[in-house]
Amino acid sequence: MTLISLKDLEAHLWHAAHIITGPIDASDYKTYIFPVLFFKRICDVYDEEFDQALAQVGDEELAKGDMFHRIQIPENCHWSHVFNRTKDVGQALKDAFRGIELANPKLHGIFGDASWTNKDRLSDELLSTLLNHFNKVNLGVASVRDDDMGRAYEYLIKRFADKANKKAGEFYTPRTIVRLMVNILDPKAGESVYDPACGTGGMLLETIHHVKENGGDPRLLKIKGQEKNLTTEAIARMNLFLHGQEDFDIVRGDTLRDPKFLVSDRLETFDCVIANPPFSLKEWGYDLWSADPFGRKQYGLAPKTNGDFAWVQHMFASLNDKGRMAVVLPHGVLFRGGAEGAIRTKLLQENRIEAIIGVASNLFYGTGIPASILVLRKSRPQTHKDHVLIVNAEEIFTKGRAQNTLSNDQADEIYAIYQSQIQQGPKAAEIEGVARWVPISEIEENDFNLNIARYVQKPLEEETITVEEALRDFQQKLAALEQAEDELEALLIQEGFEI
């Protein structure tokens, strides 16, 4: 069987979304396309495993045995069974999904809760067309390697995020921002990684890529994540499975109100904690935190209508003694006063904040505001104490019409600035307008305000222009104005107005 190129696979999968365009809103593509994709993949892999086992043992019943298959596909739950249906296709899909979930406890809830039986949205004809499209390509490992399957899956997540735009911020973080954060944390094989707002699993996956690229065995990573949204949590688990990762634990639940990873009655702790939580969450669980049993308000209680510092404190409380964390938050966390100012002050006084990195505005879906990456460590090197590294990377980006982007090279450029400064410590030379180690004493003089512009600011460059250039510019603008007036006059005459 020939391998399918990644480009062809991506095109094939993206075309599937066009089939359901119309009845299904763009923001819901993921709810319907990903379960069908996962279903086809695991059935094709099962068939490969069955053929290999049959060649080995020569008995069909034996070849169905658990020992030969990563995932069990029960009778009447196989792709071929559903594909051959012409009536009540949605019900057949639903039954197959539930049957597979029941036979594989680790897949519980993985197919989500889409309304497959709603024929007003998904007619038998439409579902048959969708299944026919997926049936054209074999998605077994012989045709599509785990790496390519995972990459194609992430490609779809990105395309769906582009389509969903504002709603995409709930489940998707630009991959280059994730790359930057993971490089900063530098997870190693054998370490534990936790994302308390894991979305579709992109940050956890990037830690796997990072370890692999640096010569480590990603199977030795201990990966855990929590996600509130049912569909998104299911997609995260599919995502990790389709990347060939089997040892992970993704659970559904509200992290701030009901953290799932506990050891006895305490929070489980990790080497690396990473997240892009919802910005400035209004209903975050303030009342429960007034008597939080998990020791997460060590530095104070976040404001009732803004959960940014609740996330910071949950993540910090989830670090082990050598743990480090990176979190994306709006710039307001750097300078807002009140309860947030009090928490920020204590974190600074205890030397918990290692670095602040300001990135460009309009990089994230659903918000045009600039964001910052906060890097905290449970224990910092003695030479770094009483200083915070502040990096202004707001001018490192690629301007887009609707949305700005950060390329891999630009993310790596920001990381190189950070890494060089960290290696040299507070003795490092300041990079004017870009990076500087700021002593806590100076931050204290500014009432513990961390607004980046107070400490690292581009020098003002006066724009000089000659009289000839100014005159030329004026003449061009005057000509453009006259042309616009002529066009308006012609349009008014055409519409019957008297000039």
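Under an unreviewed UniProt entry, the name given to the protein chain is site-specific DNA-methyltransferase (adenine-specific), and the source organism is Methylotuvimicrobium buryatense. One UniProt comment on the protein chain, placed under Sequence similarities (unreviewed entry), says "Belongs to the N(4)/N(6)-methyltransferase family." According to the UniProt record, the Catalytic activity (unreviewed entry) comment for the protein chain reads "a 2'-deoxyadenosine in DNA + S-adenosyl-L-methionine = an N(6)-methyl-2'-deoxyadenosine in DNA + S-adenosyl-L-homocysteine + H(+)".

Chemist: Please clarify how the UniProt feature "domain: N6 adenine-specific DNA methyltransferase N-terminal" (unreviewed entry) in the protein chain should be interpreted in this entry.
Modeler: Using the residue numbers shown here, the UniProt feature "domain: N6 adenine-specific DNA methyltransferase N-terminal" (unreviewed entry) corresponds to residues 9-134. In residues 9-134, the share of helix is 60% and the share of strand is 0%. The end C-alpha atoms are 11 Å apart.

Chemist: Whenever I open this one, the packing of aromatic side chains confuses me. Can you help?
Modeler: Each aromatic ring pair is characterised by the separation of its centres together with the angle its planes make. According to the stated counting rule, one finds 15 aromatic pairs in the structure shown. Aromatic pair Phe 38 and Phe 241: ring centres 6.2 Å apart, planes at 45 degrees, arrangement tilted. Residue Phe 38 is located in helix α2 (residues 29-57), and its partner Phe 241 is located in helix α10 (residues 230-242); the two are separated by 203 residues in the primary sequence. For Phe 38, a relative accessible area of 1% gives the class buried. Taking the centre distance of 5.8 Å and the plane angle of 80 degrees together, the rings of Tyr 194 and Phe 261 count as edge-to-face.

Chemist: Please explain a negative patch on the surface as it appears in this structure.
Modeler: Judged by side-chain charge, Glu 482, Glu 485, Asp 486, Glu 487 and Glu 489 come together as a negatively charged surface patch. Residue placement: Glu 489 occurs in helix α18 (residues 467-494). Residue classification places Glu 489 among the partly exposed residues on the basis of a relative accessible area of 38%.

Chemist: Honestly, the sheet that holds strand β10 (residues 387-393) in this entry has me stumped. Any pointers?
Modeler: In any sheet, the strands associate via hydrogen bonds between backbone groups, in a parallel or an antiparallel arrangement. Spatially, nine strands are ordered β3-β2-β1-β6-β7-β9-β8-β10-β11 in an open sheet, and the strand pairing comes out mixed. Of all strands in the sheet, those with a lone pairing partner are β3 (248-252) and β11 (435-439), marking the two edges. Pairs of neighbouring strands in the sheet enclose a mean axial angle of 15 degrees, with direction left out of account. As judged from the five bridges shared by β10 and β11, these two strands associate in the antiparallel manner. Of the residues in β11, the one forming a bridge with His 387 is Pro 439. Sheet contacts for α10: β2 (222-227) and β3; angle to β3, the most-contacted strand, approximately 170 degrees.

Chemist: Hey, could you run me through the side chain of Arg 237 in this one?
Modeler: Turning to its location among the elements, Arg 237 is positioned in helix α10. Residue Arg 237 is classed as buried on the basis of its relative accessible area of 6%. At 3.0 Å, the side chain of Arg 237 forms a polar contact with the side chain of Glu 233. In this view, Arg 237 contacts Lys 106, Leu 107, His 108, Gly 109, Ile 110, Phe 248 and Ile 250; residues no more than four positions away in its chain are not counted.

What counts, and at which threshold
- Residues numbered from 1 in each chain as written.
- Predicted model: local features only at pLDDT ≥ 70, side-chain atom pairs only at ≥ 80, totals over all residues.
- Heavy atoms only, no water.
- UniProt positions renumbered as here; feature names shortened; annotations may be inferred.
- Helix = DSSP H or I, 4+ residues; strand = E, 2+ residues; numbered from the N terminus.
- Phe/Tyr/Trp six-rings, centres within 6.5 Å; stacked < 30°, edge-to-face > 60°.
- Buried < 20%, exposed > 50% of the residue type's maximum accessible area, 1.4 Å probe, protein only.
- Patch = residues over 30% accessible without salt bridge, like charges linked within 9 Å, V, L, I, M, F, W, Y side chains within 5 Å.
- Areas by Shrake-Rupley, 256 points an atom, 1.4 Å probe, with all protein chains shown as cover.
- Salt bridge = Lys/Arg side-chain N within 4 Å of Asp/Glu carboxyl O.
- Lys, Arg positive; Asp, Glu negative; His and termini not counted.
- Charge placed at Lys NZ, Arg CZ, Asp CG, Glu CD.
- Pairing = 2+ DSSP bridges.
- Axes fitted to C-alpha atoms, helices over the stretch in contact; angles between N-to-C directions.
- Contact = heavy atoms within 4.5 Å.
- Polar contact = N/O pair within 3.5 Å; in protein donor to acceptor, adjacent residues only side chain to side chain.

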